[in-house]
Structures are given as structure tokens and as C-alpha cells.
Amino acid sequence: MRVNRTERMRFFFMGAVALLMVVLTSCLGGEGNTYRITATTFATVTNNGAGSYRLFLDENRGILEPTDESPINWGDAERVLLQYDIPFADTITDNTRFKSIVRSATKVPVVPLIDVTGLETLPDSLGNDGVVNLDITAYRGYLTIHAIVERSRSGKYSLYYSYDTDAFKGDTLNLNLHYLYSDENSSSSDYVNHLDCAVIPAFVRDRVVGDSLYVTLSAEMWKDSNKTSKGRVTRCVSVSKRRLTPPAYSVY
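For clarity, every value in this text was computed on a predicted model and none was experimentally measured.

Conventions used here
- Residues numbered from 1 in each chain as written.
- Predicted model: local features only at pLDDT ≥ 70, side-chain atom pairs only at ≥ 80, totals over all residues.
- Heavy atoms only, no water.
- Salt bridge = Lys/Arg side-chain N within 4 Å of Asp/Glu carboxyl O.
- Helix = DSSP H or I, 4+ residues; strand = E, 2+ residues; numbered from the N terminus.
- Pairing = 2+ DSSP bridges.
- Axes fitted to C-alpha atoms, helices over the stretch in contact; angles between N-to-C directions.

I'm lost on the pattern of salt bridges in this one. Help?
Where charged atoms from two side chains of opposite charge approach closely, those side chains can pair. In this structure the tally under the stated criterion is nine salt bridges. Its salt-bridge partner being glutamate 65, residue arginine 97 comes within 3.1 Å of it at the nearest N-O pair. Remark: glutamate 65 occurs in strand E3 (residues 63–66) and arginine 97 occurs in strand E5 (residues 97–100); sequence separation between them is 32 residues. Because the salt bridges share partners, they merge into one network encompassing Arg54, Glu65, Arg97 and Lys99.

Here you go:
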């Protein structure tokens, strides 16, 4: 029996579709034909004292309640950098509460800010070495500080953050980053991405005169890769006045 060109094309197309279905079934069968999109962000961890947690996500991503499939032991974590599955939803606002799987979470240290009010000269122990890069964000009562710094072969270095209460005039909180490199004579060229979080000082909450608080962070930074000179660099961020207090589990 002769098969015309149209029939041959139809048989070829059906065969290709059948082969493609086999490939798709083989690839997707183990996953149960499910899809997910995983995102990364910072979050504040709260709990009700009875084993239930709510994570207040930065960047207006909502309030996440981890499902039982989330393999995380939260311990005493206050702030974390986490990966979570974005839910299928039309709109998620700052106060949208949803359940999802947290894939991983890394605890970010919450460090105290040092009040240096009244000190004319800062102690050398705070440090005045140069950083490689600097960034600051603010959300829901917390500051997140990211600094790229040099470390010695032993890995020892220190960072502190200070402010002067008397310098606060109702609109801007000025912070200083103090970096101390442990061995200036070392030839090490290793760098580390250092992350810290800090609570916005309570004294500013009732003294902010506008709709937002501005926070500046200043530090000595190297001007070139050879570290031949450094200069004072300042980063700035603003946070809404209604977002100056860290969240609590029971609020939402």
C-alpha cells in the first residue's frame, strides 16, 4: 500500500509527539509534575512560644508561615537569609500572610550598636581600617549591613557600629562602621562578605519628625585595589516611620 506525502507527514508528526511524551514522562515523573520558583531574601523570625513561626520578609514580600516540609531548626535566630518557595498568588503585599516551604536559612548575627555620645576621641580598639565595599538596608525595625573586608590568614578581624545620640536631630541617624584588621603586615588577599543586622535604636522611634527616618553609614574605604589610599564613604537608606519597630508574631 502506497502512502502519499500528506499521510507520511501525519505519521511522522504523530510519532514525534509520542516520542516527546515519553521523554516528558520520563523527566517529570519523579517530580510528580510539579514546579516551584525559589527566591532569596532577608527575614525577621518571630514565634508564639508554642512552636509556630512567622517570618516577616524584607522587600514587601509578605509574612511567611513555614510548612511542616520546611527542614529548619530556627533556634534563637532573629534575622535570617533564607530561600523559600514563592506561592502562586495574584498579589502579595507587605502584610499578606501565606504558607510555603523554606528550603534553607542562614542566621545573620544581630549585633549591638555602640553609643559613643560624649566621647571626643574614639578608642583605637574600635578600628579605622579600610573596607573594600559597603552597603546598608533598613526594614521593619532592623538594619542590615553588608561589608566586604580583608581578613588575615588566621581569619581574625572585627567590625563595630557606633552612633552619637546628641547628633540625632529628628530625621537622620548617623552610624559609623569601625573595621579592625588583625594583621596589617600579612600578605593575605582573602576577602570576606560580612553580614550583620542591628535593631534601630529605640530612642529614635518617638523623635522622628517626618514620615521617614534616614540612616547613614560611614566608613573608611580603599580607593584602589592596591590599597594605597582610602577615603570616607557614606551610604544612606530611608525607612518609613511606621516601620521602625521590629515585628511581633501576634501583630498579624
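Help me understand the sheet that holds strand E11 (residues 172–181), please; the structure alone is not making it clear to me.
The strands making up a sheet associate through backbone hydrogen bonding, with each pair oriented either parallel or antiparallel. In space, the five strands of this open sheet follow the order E7-E10-E11-E13-E14, with mixed pairing throughout. Two strands bound the open sheet, and with one partner strand each, they are strand E7 (114–115) and strand E14 (230–240). Pairing of strand E13 (residues 212–222) with E14, which is carried by 11 bridges, proceeds in the antiparallel orientation. Considered in E14, the bridge of tryptophan 222 is made with lysine 230.

In this structure, what is going on with the sheet that holds strand E8 (residues 133–139)? I would like to understand it.
On the basis of which strands lie adjacent, the open sheet formed by three strands has the order E8-E9-E12 and antiparallel pairing. At either end of the open sheet lies a strand with only one pairing partner, and these are E8 and strand E12 (191–199). Along the sheet, successive strands turn relative to each other by an average axial angle of 15 degrees, direction set aside. Pairing of E8 with strand E9 (residues 142–150), which is carried by seven bridges, proceeds in the antiparallel orientation. Bridge pairing links alanine 138 to leucine 143 in E9.

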